[in-house]
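Secondary and tertiary structure notes
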Amino acid sequence: MEHVDYNCIFCAIVAKRAPANIVYESDDALAFMDIHPIVPGHVLVIPKKHSRNLFDFDESCAPGLMRAERIVARALRTAMNADGLTVLQSNERVGGQTVFHYHAHLVPRFVGDGLLTRPEQLHAAQARAGEGLGPAEIADKIRAQIQNT
């Protein structure tokens, strides 16, 4: 693997030196459950090559990363019975980035969830999205959908 930052937690996950509930892996990309999910089913998709963020993203990774996002998004929608999906991607600290390895957040959405517009409804969205499942069980559901595609 080129472009590795040995101090980066996401590079450690790619190298299998740190644990993660991985839902998809290709030559270029890796998708795994967020450890601090906005709602159950929240997945991160990263390039395997380290890039700090969109500003220094290695464009050769773009086609493989977008393909991985599309595969996981479709599986996530079916696995979580979601009505839609929000993709979030932040750059630099002022933009909300907290882990400095490019990553996209795939967040399942539901009609009336109020997510990102009315925080007081977050609990209702979490209850509907997760059906009481933990990250490992949700990861299993997403992997099953990927295998069916």
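Above this note sits the structure.
This report concerns the structure included in the present document. Since the model is a prediction, treat every value here as computed from it, not as a measurement.

Time to look at a positive patch on the surface. Among the surface-exposed residues, Arg 67, Arg 70, Arg 74 and Arg 77 lie close enough to one another that they form a single positively charged patch. For Arg 70, the location among the structural elements is in helix H2 (residues 62–80). What makes Arg 70 partly exposed here is its relative accessible area of 44%.

Our focus in this paragraph is the state of the cysteines. Counted by the stated rule, this structure contains zero disulfides. Its sulfur unpaired, Cys 8 is 3.9 Å from the next cysteine sulfur, which belongs to Cys 11. Given a relative accessible area of 7%, Cys 8 falls into the buried group. According to the relative accessible area criterion, Cys 11 is buried, its value standing at 0%.

Our next topic: the sheet that holds strand S1 (residues 22–25). Each strand in a sheet pairs with its neighbour through backbone hydrogen bonds, running either in the same direction (parallel) or in the opposite one (antiparallel). Taken in spatial order, the five strands line up as S1-S2-S3-S5-S4 in an open sheet, and their pairing is antiparallel. Strands with a single pairing partner mark the edges of an open sheet, and in this sheet they are S1 and strand S4 (84–88). When strand polarity is set aside, the average angle formed by the axes of neighbouring strands in this sheet is 20°. In this sheet, strand S2 (residues 29–33) lies alongside S1 in antiparallel orientation, the contact comprising three bridges. Within S2, the position partnered with Tyr 24 by the bridge is Ala 31.

Here we come to H2. The end-to-end C-alpha distance of H2 is 26 Å, a good match for the 27 Å that 19 residues give at a rise of 1.5 Å each. Along H2, the residues that are buried comprise Gly 64, Leu 65, Ala 68, Glu 69, Ile 71, Val 72, Ala 73, Ala 75, Leu 76, Ala 79 and Met 80. Backbone geometry just after H2 places Asn 81 at a positive phi near 55°.

This part is about the packing of aromatic side chains. Here the structure, examined in full by the defined rule, presents two aromatic pairs. Aromatic side chains Phe 57 and Tyr 102 sit 4.7 Å apart centroid to centroid with 50° between the ring planes, which places their arrangement in the tilted category. Highlighted residues: Phe 57 in the loop between strand S3 (43–47) and H2 and Tyr 102 in the loop between S4 and strand S5 (104–109), separated in sequence by 45 residues. Looking at Phe 57, the relative accessible area reads 15%, which means it is buried. When its relative accessible area of 10% is taken as the criterion, Tyr 102 is described as buried.

Each value, and the rule that gives it
Residues numbered from 1 in each chain as written. Predicted model: local features only at pLDDT ≥ 70, side-chain atom pairs only at ≥ 80, totals over all residues. Heavy atoms only, no water. Patch = residues over 30% accessible without salt bridge, like charges linked within 9 Å, V, L, I, M, F, W, Y side chains within 5 Å. Areas by Shrake-Rupley, 256 points an atom, 1.4 Å probe, with all protein chains shown as cover. Salt bridge = Lys/Arg side-chain N within 4 Å of Asp/Glu carboxyl O. Lys, Arg positive; Asp, Glu negative; His and termini not counted. Charge placed at Lys NZ, Arg CZ, Asp CG, Glu CD. Helix = DSSP H or I, 4+ residues; strand = E, 2+ residues; numbered from the N terminus. Buried < 20%, exposed > 50% of the residue type's maximum accessible area, 1.4 Å probe, protein only. Disulfide = S-S within 2.5 Å. Pairing = 2+ DSSP bridges. Axes fitted to C-alpha atoms, helices over the stretch in contact; angles between N-to-C directions. Expected span 1.5 Å × (residues − 1). Phe/Tyr/Trp six-rings, centres within 6.5 Å; stacked < 30°, edge-to-face > 60°.

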